Amino acid sequence: QSVESIGLSYRGEPLLNPHAADMVRYAKNAGIGWVSFCTNGMLLIPASAEKLIDAGLDEITVSAQGGDRESFERSRLGSNFFMVSRNVEYLLMKRKQMHRTNPVVRVQAVAVKELDRDCFLSYWRDRSDQIVCAAEPICNDVLEPADAINQTPKVRFANVKTFRKPNTGACL
């Protein structure tokens, strides 16, 4: 029996573990088809980003509860909006330089009434491969829910809506 996918995080920051990239590499070498995790992005520094790309991480979800400094830092005490943004941008740039398509970079927010969806979508649209609003589909007047089968077939998310640009089929 084979394992199709594994998420290397549950509750906590996976990048606190100095061996996170080694764990990804181990899982990939063991034949696991899709390896992912969720991070707050604060420790996704250039050295970590490069190691994760090289190890074969398939997907990284950055939890970013806002599209501006005020809302982002208000929802995550001790966080730094500009640092997380730079870290995500570096990951995307380095992935491109290394001629890789993975990890897929998702930016996720929990759909709460305090979330300024227009600001969130506007800011992260060009700084990620996909945007995810978890729980309530508050973005459905702006975006249409995507068919999860066409996203990453080996990964399923409960209570998560992935959104596509209307009439284009392109994922945000």
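A short tour of the structure in this document, coming up. All values reported here derive from a predicted model rather than from experimental measurement.

What counts as what
- Residues numbered from 1 in each chain as written.
- Predicted model: local features only at pLDDT ≥ 70, side-chain atom pairs only at ≥ 80, totals over all residues.
- Heavy atoms only, no water.
- Core = buried A, V, L, I, M, F, W, Y, C linked by side-chain atoms within 4.5 Å.
- Buried < 20%, exposed > 50% of the residue type's maximum accessible area, 1.4 Å probe, protein only.
- Helix = DSSP H or I, 4+ residues; strand = E, 2+ residues; numbered from the N terminus.
- Contact = heavy atoms within 4.5 Å.
- Axes fitted to C-alpha atoms, helices over the stretch in contact; angles between N-to-C directions.
- Parallel < 35°, antiparallel > 145°, perpendicular 65-115°, else oblique.
- Nonpolar A, V, L, I, M, F, W, Y, C, P; charged D, E, K, R; others polar.
- Polar contact = N/O pair within 3.5 Å; in protein donor to acceptor, adjacent residues only side chain to side chain.
- Pairing = 2+ DSSP bridges.
- Right-handed = clockwise from strand over helix to strand, strands pointing away.

**Observations regarding the nonpolar core**
Soluble, globular proteins show a tendency: their nonpolar side chains are buried together.
Here is step 1 of the chain: Counting residues in hydrophobic clusters, the biggest one holds 33 residues, and the most contacted among them are Leu52, Phe120 and Trp124.
Here is step 2 of the chain: At the level of secondary structure, the elements contributing two or more residues to this core comprise helix H1 (20-29), strand S2 (34-39), helix H2 (46-55), strand S3 (59-63), helix H4 (81-97), strand S4 (104-110) and helix H5 (117-124).
Here is step 3 of the chain: The dominant element in this core, judged by the number of residues it contributes, is H4, at 5 residues.
Here is step 4 of the chain: Excluding its chain neighbours within four sequence positions, the residues that come into contact with Phe120 are Ala64, Gly66, Gly67, Val107, Gln108, Ala109, Leu115, Ile131 and Val132.

**Some points on the packing of H1 against H2**
Here is step 1 of the chain: Between H1 and H2, the least distance of the axes is 8 Å, while the angle of their chain directions is 5°. With respect to H2, the axis of H1 lies roughly parallel. Residue-level contacts link Ala20, Ala21, Val24, Arg25 and Lys28 of H1 to Lys51, Leu52, Asp54 and Ala55 of H2.
Here is step 2 of the chain: Here the residues of the contact of H1 with H2 are counted per class, giving 5 nonpolar, no polar and 4 charged.

**A closer look at the environment of Ser71**
Here is step 1 of the chain: Tracing the backbone through its elements, the reader meets Ser71 in helix H3 (residues 69-75).
Here is step 2 of the chain: Judged by its relative accessible area of 14%, Ser71 is buried.
Here is step 3 of the chain: Measuring from C-alpha to C-alpha, the distance between Ser71 and Cys119 comes to 9.7 Å, with 48 residues separating the pair along the chain.
Here is step 4 of the chain: A distance of 2.6 Å separates polar atoms of two side chains, one belonging to Ser71 and the other to Asp68.

**A word on the pairing of S3**
Here is step 1 of the chain: Of all 5 residues that make up S3, 5 are buried, and the element is covered over most of its length.
Here is step 2 of the chain: Of the two faces of S3, the one lined by Glu59, Thr61 and Ser63 and the one lined by Ile60 and Val62 are each fully buried.
Here is step 3 of the chain: Where S2 and S3 come together, 4 bridges link them in parallel fashion. Residue pairing across strands places Cys38 opposite Thr61, the latter belonging to S3.
Here is step 4 of the chain: Each parallel crossover has a hand, and the one from S2 via H2 to S3 is right-handed.

Just distances and angles here, no functional claims.
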